[in-house]
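Here are the chains, one letter per residue:
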Amino acid sequence: MGRKSKFYEALIEEVVYNSVSDIWEEAVEEWEIYDVKEDETLETSCICGHDHLRYLFTIENKLNGRFLYPIGSSCIKKFGRCDLKHEVEVQMQLFQLLHAVEQRRFVELSPEYFSRRLFAYLFEMGAFKPSQYNNNNPESDYYFMLDMFNKRSMTEKQKRKVDAIIIGSIKPFLQKTLAGKVKK
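Residues numbered from 1 in each chain as written. Predicted model: local features only at pLDDT ≥ 70, side-chain atom pairs only at ≥ 80, totals over all residues. Heavy atoms only, no water.

(A) Molecular detail of the pairing of strand β2 (residues 55-61). β2 sits mainly inside the fold: 6 of its 7 residues count as buried. Pairing between strand β1 (residues 31-39) and β2: 7 bridges, direction antiparallel. Note that in β2 the partner of Lys37 across the bridge is Leu56. Direction of pairing for β2 relative to strand β3 (residues 67-71): antiparallel, over a ladder of 3 bridges. Each residue of the ladder has a partner; that of Glu60, found in β3, is Phe67. (Buried < 20%, exposed > 50% of the residue type's maximum accessible area, 1.4 Å probe, protein only. Helix = DSSP H or I, 4+ residues; strand = E, 2+ residues; numbered from the N terminus. Pairing = 2+ DSSP bridges.)

(B) Up close: the pairing of β1. Direction of pairing for β1 relative to strand β4 (residues 182-183): parallel, over a ladder of 2 bridges. From the neighbouring strand, Glu38 faces β4, where its bridge partner is Val182.

(C) The arrangement of the packing of helix α5 (residues 116-124) against helix α6 (residues 138-150) in detail. It is at 10 Å that the axes of α5 and α6 come closest, and there the two elements cross at 170 degrees. In this view, α5 runs roughly antiparallel relative to α6, as classed from their interaxial angle. Contacts from Arg116, Phe119, Ala120 and Phe123 of α5 reach α6 at Pro138, Glu139, Tyr142, Met145, Leu146, Phe149 and Asn150. (Axes fitted to C-alpha atoms, helices over the stretch in contact; angles between N-to-C directions. Parallel < 35°, antiparallel > 145°, perpendicular 65-115°, else oblique. Contact = heavy atoms within 4.5 Å.)

(D) Spotlight on the environment of Tyr69. Tracing the chain through its elements places Tyr69 in strand β3. Along the sequence, Tyr69 and Glu108 sit 39 residues apart, while their C-alpha atoms lie 34 Å from each other. The contacts of Tyr69, once residues within four sequence positions are left out, are Lys37, Ile47, Leu56, Phe57 and Thr58.

Structure follows, in structure tokens:
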């Protein structure tokens, strides 16, 4: 294996120093994502030394309660854990979707803005609300959105329902959840 970059070495040193284990492969298993913010100014540097971070993650060691901040998405992906990689992707998608709906862009039900993982996260976090339109069953909106995401075409009625769910449920959820987490 080739020589590690100075950034990767700094990441390993910082993570291992703040972990219970002193072995990188074991230490990475101790950490979970605690929070994420977005820095549109790109003025923040990662704990590894990389400059110009957009997404600023805070990770917590579940064994000793220590926190590391800021840590970039690329560094979290170097932990080699699929669960963290997927969570990083969903968190970044949340910010991208928030910006799209706030800028009143036409948000299609496409991979540009959505993923099955994102829908699962939105459902788990309560983004879909009970209403008269879903018979007070938010799970039906979740499955409807998944079904529509998998379709090649929709009827006008289906498109209106998709738009209503995005505007009435997902947008307010994003605005509430990500309030104060974007530095402009």
